[in-house]
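Architecture at a glance
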Amino acid sequence: PMVQMRKVRLLQKLERGDEALRLLDEVTRAHPGRPEPLALTGDLLRIAKRFAEAVRSYDKAIALLDPPQAANWPLFYDRGIALERSQQWERAEVDFLQALRYAPDQPHVLNYLGYSWTERGHNLAQARDMIEKAVQQRPNDGSMVDSLGWVAMRMGDTATAVRLLERAAELEAGDATVN
């Protein structure tokens, strides 16, 4: 199954996503007790912006974990993204917090949850602390610096926000959203 899943990744890179998903379905049926093919299916569906379908695949993969372990943090993070994008915030937040329990210093999880809270106007002080921790680890990541600027703006610190948002635009000059 691992060789077939490598083939799936190569098919995806060749933009043959439907073929990749068909192969993953075969792998899943041949190895029903393995979470990896289901997790990879979730990844491909999430990348294709088929978020509700991705959630279902991630749900099945997570159900096979007995018990989930720290190494499984990416699965909770990825499902959290699919849940958030499919308008299921309450479940997404639970998954992001679970991912942080397993990987408390993971900058992508810290940034995603912190930014999501900022967007909702919730837990702003905690969101700022989380995003600052992410930026300390990835000081040249424009999206994380942008998140820190946004939380500063939401907290009323305009001068800091402007400095950070300008820095983010320098780091991500080609990113229309950051700019």
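From a predicted model like this one, the values you see are computed outputs, not experimental measurements. Each chain has its residues counted from 1, following the order in which its sequence is written. Only residues with pLDDT of at least 70 are given local features in this predicted model, and only at 80 or more are side-chain atom pairs given and counted; all residues enter the totals for whole chains, interfaces and linings. As a rule here, side-chain values cover all heavy atoms of the structure and leave hydrogens and water aside.

Turning to the overall build of the protein chain, a few remarks are in order. Every helix listed is a DSSP run of H or I at least four residues long, and every strand listed is a run of E at least two residues long, numbered separately from the N terminus. Helix and strand counts for the protein chain come out as 10 helices and 0 strands. Going from the N terminus to the C terminus, the protein chain shows its helices and strands as α-α-α-α-α-α-α-α-α-α. Seen along its three principal axes, the alpha-carbon backbone of the protein chain occupies a region of about 55 × 35 × 25 Å. Here a residue-residue contact requires only that any non-hydrogen atoms of the pair lie within 4.5 Å. Intrachain contacts of the protein chain at a sequence separation of at least 6 include 45% that bridge at least 24 residues. Counting every atom, the protein chain has about 9,700 Å² of accessible surface; 51% of that belongs to carbon and sulfur. Charged-residue counts in this description rest on Lys and Arg as positive and Asp and Glu as negative, His and the chain ends being excluded. All charge positions are set by atom: Lys at NZ, Arg at CZ, Asp at CG, Glu at CD. Treating the 24 positive side-chain charges of the protein chain as one cloud and the 26 negative ones as another, the clouds have centres 5 Å apart. Only the protein chains shown count as cover for residues, with accessible areas throughout obtained via the Shrake-Rupley method and a probe of 1.4 Å.

Stacked, edge-to-face and tilted are the three classes for Phe, Tyr and Trp ring pairs, Trp counted by its six-membered ring, which pair at centre distances within 6.5 Å; planes under 30 degrees apart are stacked, over 60 edge-to-face, the rest tilted. Taken as a whole and assessed by the stated rule, the structure comprises 6 aromatic pairs. Here the aromatic rings of Trp 89 and Phe 96 are separated by 6.3 Å at their centres, their planes lie at 45°, and the arrangement is tilted. Accessible area is worked out with a 1.4 Å probe on protein chains only. A residue is then buried under 20% of its type maximum, exposed over 50%, and partly exposed in between. Residue classification places Trp 89 among the buried residues on the basis of a relative accessible area of 13%. Note on Phe 96 and Tyr 112: the rings are 5.0 Å apart at their centroids and 40° apart in plane angle, and the pair reads as tilted. Remark: Tyr 112 occurs in helix 7 (residues 107-120) and Phe 96 occurs in helix 6 (residues 89-102); sequence separation between them is 16 residues. For Phe 96, a relative accessible area of 0% corresponds to the buried category.

Bringing the pattern of salt bridges into the picture now. In a structure, side chains of opposite charge can pair up when their charged atoms sit close to one another. The salt bridge definition used is simple: a Lys or Arg side-chain nitrogen within 4 Å of an Asp or Glu carboxyl oxygen. Summed over the entire model, instances satisfying the criterion amount to 13 salt bridges. Glu 84 is paired through a salt bridge with Arg 85; the nearest N and O atoms lie 3.3 Å apart. Glu 84 sits in the buried class, given a relative accessible area of 18%. The exposure class assigned to Arg 85 is partly exposed, which follows from its relative accessible area of 41%. Close ionic contact of Lys 133 with Asp 105 constitutes a salt bridge, the shortest N to O distance being 2.6 Å.

Right, let's get into the packing of helix 7 against helix 8 (residues 124-137). Where helix 7 contacts helix 8, the two axes come as close as 8 Å, and the packing angle between them is 150°. On the basis of the axis angle, helix 7 is roughly antiparallel to helix 8. Here helix 7 runs over helix 8; the crossing is left-handed. Within the contact between the two elements, helix 7 uses Pro 107, Leu 110, Asn 111, Leu 113, Gly 114, Tyr 115, Trp 117 and Thr 118 and helix 8 uses Leu 124, Gln 126, Ala 127, Met 130, Ile 131, Lys 133, Ala 134 and Gln 137. Fitted lines through C-alpha atoms serve as axes, helices being fitted only where they are in contact, and the angles separating the N-to-C directions of these axes extend from 0 to 180 degrees. Each angle is binned into one of four classes, with values under 35 degrees roughly parallel, values over 145 roughly antiparallel, values of 65 to 115 roughly perpendicular, and all other values oblique. For a crossing to be left-handed, the near helix must be turned anticlockwise from the far one by less than a right angle; the clockwise case is right-handed.

Multiplying 1.5 Å by the residue count of a helix minus one yields the expected span of that helix. With 12 residues, helix 1 (residues 2-13) extends 17 Å from end C-alpha to end C-alpha; this agrees with the ideal 16 Å at 1.5 Å per step. For helix 1, the complete set of buried residues consists of Met 5, Val 8 and Leu 11. Down the axis of helix 1, the sector holding all buried residues measures 110°, keeping them to one side. Every exposed residue of helix 1 that faces more than 90 degrees away from the buried side is listed here: Val 3 and Lys 13. Structurally, helix 1 contributes buried residues whose contacts are with helix 2 (17-30) and helix 3 (35-47). This arc corresponds to the set of directions leading from the helix axis out to the C-beta atoms.

In this description, a nonpolar core means a group of buried Ala, Val, Leu, Ile, Met, Phe, Trp, Tyr and Cys residues linked to one another through side-chain atoms lying within 4.5 Å. Ranked by internal contacts, the top residues of the largest apolar core, which has 48 residues, are Val 8, Leu 75, Tyr 77, Phe 96 and Leu 113. Filtering out sequence-adjacent residues up to four positions away, Leu 75 remains in contact with Ala 39, Tyr 58, Ala 61, Ile 62 and Leu 65.

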